[in-house]
Amino acid sequence: MLIAARSLLFYFGLVVVTIVWGSWATVTGKLVPHARRFRYVIVTWTCFVLWWLRLTCGIKHEIEGIENLEEGPGVLLVKHQSTWDALFSQTLVSPQSTVIKRTLLYIPFFGWAFWVTNPIAINRGRRVGSIRHMIRKGKERFGAGFWITLFPEGTRVETGQIGRFQSGAAVLAIALGAPVFVVAHNGGHCWQLKRWLKRPGTIQVRISPPIQTKGKSTEQVNAEAEEWMREAMAEIDPESYRG
């Protein structure tokens, strides 16, 4: 019952701050220079949400390999287990542009504020067109000094599983000539997929050294990134990823 009460308190705060800040950021975000807009709109909100999550639900995180990001900018490939990693990944580097489903922009307050930061929104129903759009927009953002963030498994995956890496992330990284940084974590134990209860604990996050993409095929980049992800998950969460 205590976990339930703390989880409800977290969601109450989440809804309130999303409505208030989402409305304010939608109105004022365009007034902020583009290079600083992401930090103003998104990082402010996500840092508060993660602080509120720690305060109400006792969920913290520890990061190993954060110094590897000094080799960027590049392409972040983030393990996708729940909404937690979608929030956390926004705090790692700035500015960044996240590849998201276009439908997320229609969510009131959150989607409106996200739209102000010009994410790379794609239509999953049009695969070839989406990849072309992602590469074109990715080159624009990367050329302006932005990191690009993707979830290579394509969707949220249950704890203990690793989804097959989609080709789009590697295709984009190769087109940009940018290094890939893989982000592994065990956040699914605290913020579980499709469950509203939040369980206290310390989430372990591990960031890979840069994986170079120049002169490599899509299959080679994906294979290296996925292998690093599997090894990291087996070390971070051996009970769930044994074997």
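Quick caveat, the model's predicted, so the values are computed rather than measured.

**Student:** How should the sheet that holds strand E4 (residues 120-122) be read in this particular structure?
**Tutor:** Ordered in space as E1-E7-E6-E2-E5-E3-E4, the 7 strands form an open sheet in which the pairing is mixed. The outermost strands of the open sheet, each flanked by one partner alone, are strand E1 (59-64) and E4. Averaged over all neighbouring strand pairs, the angle between strand axes comes to 20 degrees, with direction disregarded. Pairing geometry for strand E2 (residues 75-78) and strand E6 (residues 180-185), over 4 bridges, is parallel. The partner of Val75 across the bridge, within E6, is Val180.

**Student:** Just checking my understanding: could you explain the environment of Ile120 for this structure?
**Tutor:** The residue Ile120 is located in strand E4 in this model. A relative accessible area of 0% places Ile120 in the buried class. The spatial distance from the C-alpha of Ile120 to the C-alpha of Arg136 is 9.7 Å, given a sequence separation of 16 residues.

**Student:** Quick question: what am I supposed to make of the packing of helix H1 (residues 2-28) against helix H2 (residues 34-57) here?
**Tutor:** Any two packed helices are characterised by how steeply their axes cross, that is the angle between the axes, and by the distance between the axes. Contact geometry of H1 with H2 gives a least axis separation of 10 Å together with a crossing angle of 165 degrees. By the angle class used here, H1 and H2 are roughly antiparallel. Pair H1 / H2 crosses with right-handed handedness. Along its contact with H1, which presents Arg6, Ser7, Leu9, Phe10, Gly13, Leu14, Val17, Thr18, Trp21, Trp24, Ala25 and Thr28, the element H2 presents Tyr40, Val41, Thr44, Trp45, Phe48, Val49, Trp52, Leu53, Leu55, Thr56 and Cys57. Class assignment for the residues of the contact of H1 with H2 results in 16 nonpolar, 6 polar and 1 charged.

**Student:** Would you mind going over the state of the cysteines with me for this structure?
**Tutor:** Every disulfide links exactly two cysteines, by a covalent bond between their sulfur atoms. Counting across every chain of the model gives 0 disulfides. Considering cysteine sulfurs only, Cys57 is the nearest to Cys47, which forms no disulfide, with 17 Å between them. Under the relative-accessibility criterion, Cys47 is labelled partly exposed at 39%. Residue Cys190 stays outside any disulfide, its sulfur separated by 9.7 Å from that of Cys57, the closest cysteine. For Cys190, a relative accessible area of 6% translates into the label buried.

**Student:** Just checking my understanding: could you explain the pairing of strand E3 (residues 96-101) for this structure?
**Tutor:** Each regular strand shows side chains that alternate between the opposite faces of the sheet. E3 sits mainly inside the fold: 5 of its 6 residues count as buried. Bridge analysis of E3 against strand E5 (residues 147-150) gives 3 bridges, and the strand direction is parallel. Residue pairing in the sheet places Thr98 in a bridge with Thr149 of E5. With 3 bridges connecting them, E3 and E4 associate as parallel partners.

Parameters at a glance
- Residues numbered from 1 in each chain as written.
- Predicted model: local features only at pLDDT ≥ 70, side-chain atom pairs only at ≥ 80, totals over all residues.
- Heavy atoms only, no water.
- Pairing = 2+ DSSP bridges.
- Helix = DSSP H or I, 4+ residues; strand = E, 2+ residues; numbered from the N terminus.
- Axes fitted to C-alpha atoms, helices over the stretch in contact; angles between N-to-C directions.
- Buried < 20%, exposed > 50% of the residue type's maximum accessible area, 1.4 Å probe, protein only.
- Parallel < 35°, antiparallel > 145°, perpendicular 65-115°, else oblique.
- Left-handed = near helix turned anticlockwise from the far one by under 90°.
- Contact = heavy atoms within 4.5 Å.
- Nonpolar A, V, L, I, M, F, W, Y, C, P; charged D, E, K, R; others polar.
- Disulfide = S-S within 2.5 Å.

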